[in-house]
Amino acid sequence: MLRRISSHLNQASYCLRALEGFSTDATTLSSFSKEVPQFIAFVLGGPGSGKGTQCSKIVETYGFTHLSAGDLLRNEISCSSKNGSMILELIKEGKIVPSEVTVKLIQKAIRSGENHKYLIDGFPRTEENRLAYERIIGAPPNLVLFFDCPEEEMVKRVLNRNEGRVDDNEEIVKKRLQVFRELSLPVVDYYLKKGILHKINAVGTEDDIFEQVRTIFSVYEFDRFRDQVESNELQVE
Ligand code: UP5
Ligand code: MG
């Protein structure tokens, strides 16, 4: 219940931000351009693998801003934006929204955020998503987490969630899993080969799983760039 209320509050805040963006786009862009290099972590895993749950814990512990690509898209539906009905039709079928739409939403959220470390949850889902992100954003992520969960467990979690999502039903979860297998796992492989992906066993209690995240995060210095900029040790052009 609390999660649902918090998701509605997030939706309202995103809607407000979207409206602000429309009225001040020119200034928004320049004032949102960042001077501090950002730390971007992609969070991948199948439907119900626990991405959102673990992202909340990462936010609490490490102060990241959580951007769920699925939530950004669902907010477009709630705000009745120009792409809202197209997004709804695709999500209802478990299909992937065009890359340009999703990347622009992510870009806008980062530009309007005040943090220097972001979790991008549930994106990229296809090689085409990945390439579009790199083309538009111009840089790869710093780190990728992959929550590895057996399909039966993912199905069980999605069907038990009961948060009113249009795609949380038996028929569509099968389609989402198929899309994940065919289109998203190649992205996982790509980052694995690049050496920036960390695979996490997503079975167990939420706390057990988060312990694996802690171990991975313990070697990263997320705040180094910001601290150096603040103490004038790093000159940013
Ligand atoms: N739960 C969590 N951890 C648990 C644990 N350790 N043990 C037992 N239960 C656990 O968790 C799911 C449920 O499991 C919850 O009830 C939780 O309490 C419980 P959650 O953390 O919500 O899992 P998550 O991986 O976030 O599952 P989600 O369903 O959100 O993943 P999807 O990737 O399917 O959903 P998303 O919102 O990212 O995308 C939805 C749709 O949007 C896609 O199908 C697609 O149509 C579209 N989309 C795009 O087109 N492009 C994008 O880039 C992104 C989305
Ligand atoms: Mg999620």
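As shown above, the structure is provided for reference.
These numbers come from a predicted model, not from an experiment.

Engineer: Report on helix α6 (residues 99-112), specifying residues and quantitative values.
Structural biologist: Its 14 residues place the ends of α6 20 Å apart at the C-alpha level, agreeing with the 20 Å of an ideal helix rising 1.5 Å per residue. Among the residues of α6, S99, V101, T102, V103, L105, I106, Q107, A109, I110 and S112 are the ones counted as buried.

Engineer: So what's going on with the site of ligand 1? Which residues, and what values?
Structural biologist: In the neighbourhood of ligand 1, 31 residues make up the surrounding shell, with T53, K95, V97, R161 and R176 lying closest. For ligand 1, an oxygen atom lies 3.0 Å from a polar atom in the backbone of G52. Within the side chain of T53, a nitrogen or oxygen atom sits 2.5 Å from an oxygen atom of ligand 1. Burial of ligand 1 by the surrounding chains reaches 89%, relative to a free accessible area of 1000 Å². Of all the elements in the fold, those that place two or more residues in the shell around ligand 1 are α3 (51-62), α4 (69-78), α8 (151-161) and α10 (206-217). For the shell around ligand 1, the element with the highest residue contribution is α4, accounting for four residues. Among the residues forming the shell around ligand 1, the class breakdown is eight nonpolar, twelve polar and eleven charged.

Engineer: Break down the sheet that holds strand β4 (residues 143-148) for me, citing the residues and quoting the values.
Structural biologist: Across the sheet, five strands lie side by side as β2-β3-β1-β4-β5; this open sheet has parallel pairing. The sheet terminates laterally at β2 (65-68) and β5 (197-201), the two strands that pair on one side only. Taken pair by pair, the neighbouring strands of this sheet meet at an average axis angle of 20 degrees, ignoring direction. Contacts from helix α9 (residues 170-194) reach β1 (39-45), β4 and β5 within the one sheet, and its direction differs from that of β1 by about 140 degrees. Across the sheet, α10 lies against β4 and β5, angled at about 155 degrees from β5, the strand it touches most.

Engineer: How would you summarise the nonpolar core if you had to cite specific residues and measurements?
Structural biologist: If you look at the biggest cluster of nonpolar residues, it comprises 31 residues, and the most contacted ones within it are I120, Y133 and Y191. When residues of this core are traced back to their parent elements, those giving at least two are β1, α4, α5 (84-92), α6, β3 (117-121), α7 (127-137), β4 and α9. Ranked by residue count, the leading element in this core is α6, at six residues. Contact partners of Y191, with chain neighbours within four places excluded, come to F42, L44, P124, R130, E134, P141, V144, I196 and L197. Formed by 22 residues, the second largest nonpolar core is a distinct cluster that contains V43, I58, Y62 and F64.

Conventions we followed
Residues numbered from 1 in each chain as written. Chains lettered and ligands numbered in written order. Predicted model: local features only at pLDDT ≥ 70, side-chain atom pairs only at ≥ 80, totals over all residues. Heavy atoms only, no water. Helix = DSSP H or I, 4+ residues; strand = E, 2+ residues; numbered from the N terminus. Expected span 1.5 Å × (residues − 1). Buried < 20%, exposed > 50% of the residue type's maximum accessible area, 1.4 Å probe, protein only. Near = heavy atom within 4 Å. Polar contact = N/O pair within 3.5 Å; in protein donor to acceptor, adjacent residues only side chain to side chain. Areas by Shrake-Rupley, 256 points an atom, 1.4 Å probe, with all protein chains shown as cover. Nonpolar A, V, L, I, M, F, W, Y, C, P; charged D, E, K, R; others polar. Pairing = 2+ DSSP bridges. Axes fitted to C-alpha atoms, helices over the stretch in contact; angles between N-to-C directions. Contact = heavy atoms within 4.5 Å. Core = buried A, V, L, I, M, F, W, Y, C linked by side-chain atoms within 4.5 Å.

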